[in-house]
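Spelled out, the chains give:
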Amino acid sequence: MKNKTIWSNRFKNKTSQSFQKIGASIHIDKRLYEHDIAASIVHTQMLMKQKIIQSEVGNKIINGLKKIKAQIDKGSFEFKEKYEDIHLNIEKALFEIIGPSAGFLHTARSRNDQVVTDFKLWIKNASNEIIKDILVVMKKLIKKAEKNTDTVMPGLTHLKNAQPISFAHYLLSYYEMLKRDKKRFENNLELLDECPLGSAALSGTSYKIDRTYTAKKLGFKKPTDNSMDSVGDRDFAIDFLYASAVCAMHLSRLAEDFIIYNSDAFNLISFNDSMLTGSSIMPQKKNPDPAELIRGKVGINYGKLNAMLTIMKGLPTTYFKDMQDDKELVFGSYDTLKDTLNMSAELINSVNANKTNMLYMANQGYTTATDFADYLVENKNLSFRESYVISTKLVNYAEKSKKLLSELDLEEIKKFYKDLDKSVLKVFDVKNSMNAKKSHGGTSVINVKSMIKKYKREI
Ligand code: ARG
């Protein structure tokens with residue numbers, strides 16, 4: 001059997017070279033080795049407990065598997081393409097270390113339940129890692145927000161100046177997005193928490209195995225309930241890819257905001273030089289490359305989600321080799337998102353608000369026009385639509401006279417509504433406008449400060 005495939009006795013011809021090349025997944029799925037060995041050890045312990053294999057044999061297997069793990073950890077293990085994947089590489093190596101006793105390991109299991117068990121374990125671990133990284137970004141947002149609760153900037157819709165907001169309120173909008181991202185990964189952790197091991201090829205097994213024991217020992221809530229679904233289910237991979245894609249999309253939007261705010265035309269924020277690159281020809285340039293990479297990386301996460309959905313579409317029930325590419329997609333999406341999250345944390349940390357220009361820009365574009373309308377509603381018993389029209393006329397007048405709303409005097413304003421006193425003037429102050437937004441979730445300093453308190457408690 002040395003150097004031969006497990007199924008060589010059934011096959012007349014050697015495996016095609018081209019097939020070996022696309023069929024082998026070892027270069028990708030070797031990342032599953034820790035989980036594959038952990039699952040094999042638990043499976044062996046269960047076989048011993050159930051007296052399906054002898055303790056002596058079981059102990060040999062477990063020791064052999066531990067040796068293999070140590071070799072892989074050290075980097076001295078030789079992965080062989082001809083043994084296709086991580087499962088067969090480990091099984092083959094076990095034969096070399098402990099001899100024929102290795103043949104008892106694969107009792108009551110198949111690679112079909114083995115691979116999905118390993119993969120679920122890997123995704124559990126990866127999700128917890130991503131959750132930690134998301135939390136780091138959330139903390140950076142809070143830290144930056146704390147310093148900017150009264151930093152007034154123009155809030156934009158359609159990239160046109162809309163209403164004054166605080167830079168803190170802006171930053172914390174991303175806190176909320178990331179909080180949902182974290183929850184998406186947590187939801188998947190809950191949904192995938194059933195162990196497929198023992199489903200075997202597709203129909204279960206005739207051995208008296210204890211699936212609750214293996215499930216619990218591997219950290220799952222319970223075993224899966226249908227062996228056919230178990231070996232064909234890749235929902236947990238799709239959910240992971242979807243959660244990754246949405247999270248990367250949020251970071252891409254943040255990066256795009258930053259790129260715009262950092263542009264010479266806007267000049268609302270600046271970055272530390274460590275977040276910038278120069279130009280090979282233009283000596284003056286400082287370009288925000290890290291932000292641009294964060295903006296672009298999401299393309300990789302979308303692509304991998306799309307590829308996985310397409311692989312699964314129309315696939316008849318149970319296992320097919322098509323599914324083997326699932327791991328490359330998930331590993332790639334994970335690596336990309338991890339880099340993107342780490343980069344985002346640093347980028348947020350390095351952002352500086354150009355407060356003077358933020359305030360100046362918040363005053364441009366008649367951003368307090370709504371506040372004037374609201375003042376008329378509250379004090380003059382007008383409907384909002386009536387007030388809206390009066391305020392529109394005031395804006396038209398200011399535009400024509402090339403003045404800011406805050407530069408108009410009482411006499412000018414009274415041309416549009418007679419019965420006014422100087423108390424109206426404060427509505428054109430952008431800070432006042434910001435602090436007037438005291439409704440739940442609004443941008444007033446008082447609200448934002450209490451939100452920060454809440455966020456600090458929950459994080
Ligand atoms: N390398 C395979 C995969 O990742 C393992 C499962 C193989 N099962 C099979 N029936 N060929 O999908």
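Our structure is the block above this text.
Residues numbered from 1 in each chain as written. Predicted model: local features only at pLDDT ≥ 70, side-chain atom pairs only at ≥ 80, totals over all residues. Heavy atoms only, no water.

Draft legend 1. Fine view of the nonpolar core. Among the nonpolar cores identified, the biggest contains 100 residues, and Ile123, Phe167, Tyr170 and Phe258 are the most heavily contacted of them. Once you skip the residues sitting within four places of it in the chain, Phe258 turns out to touch Tyr170, Leu171, Ile269, Phe271, Leu347, Ile348 and Val351. In this structure, Phe372, Ile390, Ala398 and Val424 belong to the second largest nonpolar core, which totals 18 residues. (Core = buried A, V, L, I, M, F, W, Y, C linked by side-chain atoms within 4.5 Å. Buried < 20%, exposed > 50% of the residue type's maximum accessible area, 1.4 Å probe, protein only. Contact = heavy atoms within 4.5 Å.)

Draft legend 2. Focus on unusual backbone geometry. Positive phi is not limited to glycine here, since Asn267 has a value of about 55°. Along the polypeptide, Asn267 turns up in the loop between helix H10 (235-262) and strand E5 (269-271). Classification of Asn267 by relative accessible area gives partly exposed; the value is 36%. Despite not being glycine, Tyr366 shows a phi value in the positive range, around 55°. For Tyr366, a relative accessible area of 24% puts it in the partly exposed group. (Helix = DSSP H or I, 4+ residues; strand = E, 2+ residues; numbered from the N terminus.)

Draft legend 3. Region of interest: the site of the ligand. All residues in the neighbourhood of the ligand are listed as Ser25, Asp29, Asp85, His87, Arg111, Asn112, Val115, Tyr319, Gln324 and Lys327. Between Asp85 and the ligand, the recorded distance is 2.8 Å, taken from a side-chain N or O atom to a nitrogen atom. One nitrogen or oxygen atom from the side chain of Asn112 is found 3.0 Å from a nitrogen atom belonging to the ligand. A per-element tally of the shell around the ligand places helix H6 (residues 111-146) first, with 3 residues. Looking at the shell around the ligand, its residues break down into 2 nonpolar, 4 polar and 4 charged. (Near = heavy atom within 4 Å. Polar contact = N/O pair within 3.5 Å; in protein donor to acceptor, adjacent residues only side chain to side chain. Nonpolar A, V, L, I, M, F, W, Y, C, P; charged D, E, K, R; others polar.)

Draft legend 4. Structural detail: the packing of helix H4 (residues 55-74) against helix H5 (residues 86-98). Taken N-terminus to C-terminus, the directions of H4 and H5 make an angle of 115°; their axes are 9 Å apart at the nearest point. Of the possible angle classes, the one that applies to H4 and H5 is roughly perpendicular. Relative to H5, the crossing made by H4 is right-handed. When H4 is examined against H5, the residues Lys60, Ile61, Gly64, Leu65, Lys67, Ile68 and Gln71 are found in contact with a partner set consisting of Ile90, Ala93, Leu94, Ile97 and Ile98. Of the residues belonging to the contact of H4 with H5, the class tally is 8 nonpolar, 2 polar and 2 charged. (Axes fitted to C-alpha atoms, helices over the stretch in contact; angles between N-to-C directions. Parallel < 35°, antiparallel > 145°, perpendicular 65-115°, else oblique. Left-handed = near helix turned anticlockwise from the far one by under 90°.)

Draft legend 5. Examining the pairing of strand E2 (residues 160-166) more closely. Two strands pair when backbone bridges link them, and strand E1 (residues 152-157) and E2 are joined in this way by 6 bridges, in the antiparallel orientation. Its bridge partner being in E2, Val152 is matched across the sheet by Ser166. Linking E1 to E2, which pair antiparallel, is a turn of 2 residues; within it His158 sits at a positive phi near 55°. (Pairing = 2+ DSSP bridges.)

Draft legend 6. Representation of the environment of Asp325 within the structure. Its location among the elements puts Asp325 in the loop between helix H11 (289-312) and helix H12 (326-349). Judged by relative accessible area, Asp325 falls into the partly exposed class, the value being 41%. A sequence separation of 302 residues divides Asp325 from Gly23, and the C-alpha atoms of the two residues are 9.9 Å apart.

Draft legend 7. Structural view of the side chain of Asp326. Secondary-structure assignment places Asp326 in helix H12. Among the residues examined, Asp326 registers a relative accessible area of 1% and is labelled buried. At a separation of 2.8 Å, a polar atom in the side chain of Asp326 contacts the side chain of Lys327. Not counting residues up to four positions away in its chain, the partners in contact with Asp326 are Phe119, Arg234 and Met308.

Draft legend 8. Summary view of the pattern of salt bridges. With the rule as written, the count across this model stands at 24 salt bridges. Residue Arg31 is joined to Asp335 by a salt bridge in which the shortest nitrogen-to-oxygen separation is 2.9 Å. Residue Arg31 is found in the loop between helix H2 (26-29) and helix H3 (33-49), and its partner Asp335 is found in helix H12; the two are separated by 304 residues along the sequence. For Arg31, a relative accessible area of 34% translates into the label partly exposed. Across the pair Lys321 and Glu84 runs a salt bridge, and its minimum N-O distance is 2.5 Å. With a gap of 237 residues between them, Lys321 in the loop between H11 and H12 and Glu84 in the loop between H4 and H5 connect regions that are remote in the sequence. The exposure class assigned to Glu84 is buried, which follows from its relative accessible area of 11%. Connected through salt bridges with shared partners, the residues Glu84, Asp85, Arg111 and Lys321 form a single ionic network. (Salt bridge = Lys/Arg side-chain N within 4 Å of Asp/Glu carboxyl O.)

Draft legend 9. Region of the structure containing the packing of aromatic side chains. Summed over all chains, the structure comprises 15 aromatic pairs. Arranged with centres 5.5 Å apart and planes meeting at 40°, the rings of Phe372 and Phe428 form a pair that is tilted. Taken together, the positions of Phe372 in helix H14 (residues 369-380) and Phe428 in the loop between helix H16 (410-414) and helix H17 (430-436) put the pair 56 residues apart, joining distant regions of the chain. For the pair Phe372 and Phe428, a shared accessibility class is recorded, and that class is buried. Put simply, the rings of Phe119, Trp122, Phe236, Phe331 and Tyr334 pair up and form one aromatic cluster. (Phe/Tyr/Trp six-rings, centres within 6.5 Å; stacked < 30°, edge-to-face > 60°.)

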